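Analysis of the macromolecular model
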Amino acid sequence: MLTSLVRSELRARYKGSVLGFLWTFVNPLLQLAVYSLVFKVILRSNIRDYPVFLFIGLLAWNMFTGALQSSCGVIVNKASLVKKIYFPREILPASMAGTALVNYVLSLAILIPILLITGFWPTWSWLFAPVAIVAIFFMALGLSLIFSAINVYMRDTEHILNIVLMLWFYGTPVVYSINSVPHFLSALFKVDPIAAAILVLQEIFYYREIPHWKMLIYCVVSGVCILWIGWAIFYKLSRRFAEEV
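In this text the structure is predicted, and so the values were computed from the model without any measurement.

Considerations on the overall build of the protein
Helix and strand content of the protein: 12 helices and 0 strands. When the helices and strands of the protein are listed from N to C terminus, the series reads α-α-α-α-α-α-α-α-α-α-α-α. Since a compact globule built from 245 residues should have a radius of gyration of about 18 Å, the 19 Å found for the protein is in line with a globular shape. Judged by the C-alpha coordinates and their principal axes, the protein covers about 55 × 45 × 35 Å. Burial status across the protein gives 48% buried among its 245 residues. The contacts of the protein with a sequence gap of at least 6 include a subset with a gap of at least 24, amounting to 77%. Accessible surface computed for the protein: about 12700 Å², of which carbon and sulfur atoms make up 69%. Charged side chains of the protein number 18 positive and 10 negative; the gap between the two group centres comes to 5 Å.

Things to note about the pattern of salt bridges
Taken as a whole, this structure holds 1 salt bridge when the rule is applied. Note that Asp-49 is salt-bridged to Arg-48, the shortest N-O span being 2.8 Å. Taking relative accessible area as the criterion, Asp-49 reaches 28% and is therefore assigned partly exposed. Judged by its relative accessible area of 53%, Arg-48 is exposed.

Regarding the packing of aromatic side chains
On inspection of all chains with the given rule, the structure shows 15 aromatic pairs. A centroid spacing of 6.4 Å and a plane angle of 85° characterise the contact between Tyr-176 and Phe-189, whose relative ring orientation is edge-to-face. Taken together, the residues Tyr-176 in the loop between helix 8 (157–170) and helix 9 (183–191) and Phe-189 in helix 9 connect sequence positions 13 residues apart. Comparing Tyr-176 with Phe-189, the two get one shared label, buried. Ring pairing ties together the aromatic residues Tyr-50, Phe-53, Phe-120, Tyr-206 and Tyr-207, which thus form one cluster.

Some words on the environment of Val-224
The topology assignment puts Val-224 in helix 11 (residues 213–237). Spatially, the C-alpha atom of Val-224 lies 19 Å from that of Gly-66, the residues being 158 residues apart in sequence.

Observations regarding unusual backbone geometry
When glycine is set aside, most residues are seen to have a negative phi, and most peptide bonds are trans. The phi torsion at Asp-49 lies on the positive side, around 50°, for a residue other than glycine. By secondary structure assignment, the location of Asp-49 is in the loop between helix 2 (23–42) and helix 3 (50–72). Positive phi, normally seen in glycine, also occurs at Arg-208, with a value near 55°. Structurally, Arg-208 can be placed in the loop between helix 10 (193–206) and helix 11.

Details of the nonpolar core
One finds Phe-64 and Leu-201 to be the most contacted residues of the largest nonpolar core, which totals 75 residues. Listed by contribution, the elements that provide at least two residues to this core are helix 2, helix 3, helix 4 (74–77), helix 6 (91–117), helix 7 (129–153), helix 8, helix 10 and helix 11. If one sorts the elements of this core by residue count, helix 3 sits on top with 15 residues. Beyond its immediate chain neighbours, meaning those up to four positions away, Leu-201 contacts Ile-56, Ala-60, Tyr-104, Ala-129, Ala-132, Ile-133, Ile-136 and Tyr-206.

Description of a nonpolar patch on the surface
Side chains of Ile-150, Tyr-153, Met-154, Ile-160 and Val-164 sit close together on the surface and give an oily, nonpolar patch of about 400 Å² of accessible area. Of all the secondary-structure elements, those providing two or more residues to the nonpolar patch are helix 7 and helix 8.

Section: the layout of surface pockets
The computed volume of the second largest pocket comes to approximately 190 Å³. In terms of residue count, helix 10 provides more of the lining of the second largest pocket than any other element does, 4 residues in total. Taken together, the residues of the lining of the second largest pocket break down into 5 nonpolar, 3 polar and 3 charged.

A closer look at the state of the cysteines
Here the structure, examined in full by the defined rule, presents 0 disulfides. Between Cys-219, a free cysteine, and Cys-225, which holds the nearest cysteine sulfur, the sulfur-to-sulfur gap is 12 Å.

A word on the confidence of the model for the protein
Predicted confidence across the protein gives a mean pLDDT of 87, with 92% of residues reaching 70 or more. At the level of individual helices and strands, the protein shows its lowest average pLDDT in helix 2, which scores 72, and its highest in helix 7, which scores 96.

About the cut-offs
- Residues numbered from 1 in each chain as written.
- Predicted model: local features only at pLDDT ≥ 70, side-chain atom pairs only at ≥ 80, totals over all residues.
- Heavy atoms only, no water.
- Helix = DSSP H or I, 4+ residues; strand = E, 2+ residues; numbered from the N terminus.
- Rg over C-alpha atoms; globule rule 2.2 N^0.38 Å.
- Buried < 20%, exposed > 50% of the residue type's maximum accessible area, 1.4 Å probe, protein only.
- Contact = heavy atoms within 4.5 Å.
- Areas by Shrake-Rupley, 256 points an atom, 1.4 Å probe, with all protein chains shown as cover.
- Lys, Arg positive; Asp, Glu negative; His and termini not counted.
- Charge placed at Lys NZ, Arg CZ, Asp CG, Glu CD.
- Salt bridge = Lys/Arg side-chain N within 4 Å of Asp/Glu carboxyl O.
- Phe/Tyr/Trp six-rings, centres within 6.5 Å; stacked < 30°, edge-to-face > 60°.
- Core = buried A, V, L, I, M, F, W, Y, C linked by side-chain atoms within 4.5 Å.
- Patch = residues over 30% accessible without salt bridge, like charges linked within 9 Å, V, L, I, M, F, W, Y side chains within 5 Å.
- 1 Å grid on protein atoms, 1.4 Å probe; cavity = no way out; pocket = protein on both sides within 12 Å on 5 of 7 lines; lining within 4 Å.
- Points joined across faces, edges and corners; volume = space filled by probe spheres on them.
- Nonpolar A, V, L, I, M, F, W, Y, C, P; charged D, E, K, R; others polar.
- Disulfide = S-S within 2.5 Å.
- pLDDT = per-residue confidence, 0-100.

Here you go:
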């Protein structure tokens, strides 16, 4: 059922559009162009190979936010399905998070050639990339479970989430380097699990260094904990979904 829902979501997302599935690649490229123009040309960022640096973090951030935004209202949107048959309700937000993960994996078809063309050749550090990606997915899935459950009881959750994600984006080192943050604040940035995971991906792909093992373990443990907490909250709130939707 989970696989079927992911496939259905991927088909429905671009159904009827001219470019269709190509929007999976066009969207991040357009974002890359806009942010590169603003931060590299207008604000004159001094980060070397800025588009590469930006794209590494932007793709990961898009996977994270894409999962949260699409899953937040999924229980309410699938009310007819929730009321008619019994099935594990967590499959619905999980399918949204799974779709975001598939989009990220497909986007690697753009990122990897860009890395190779610009001289960022593979190193042993690339072997750690799946660990960081899975950690981000766990975080996204855990939070998706939480927000999708809360949204059933408080329909303003979607609007609040969009504002939170906008602020969160600029509090995460995606469009700027952690080295530009004052030293006394950089430790606070690393406490944020998603920021820490993006920093790990930057170490792997941009700096071509094996990530610090403490940071990598922190990301994995955080992802597992957030997923467990999300599932526990979702399980508790899901008992009255059929009555509330």
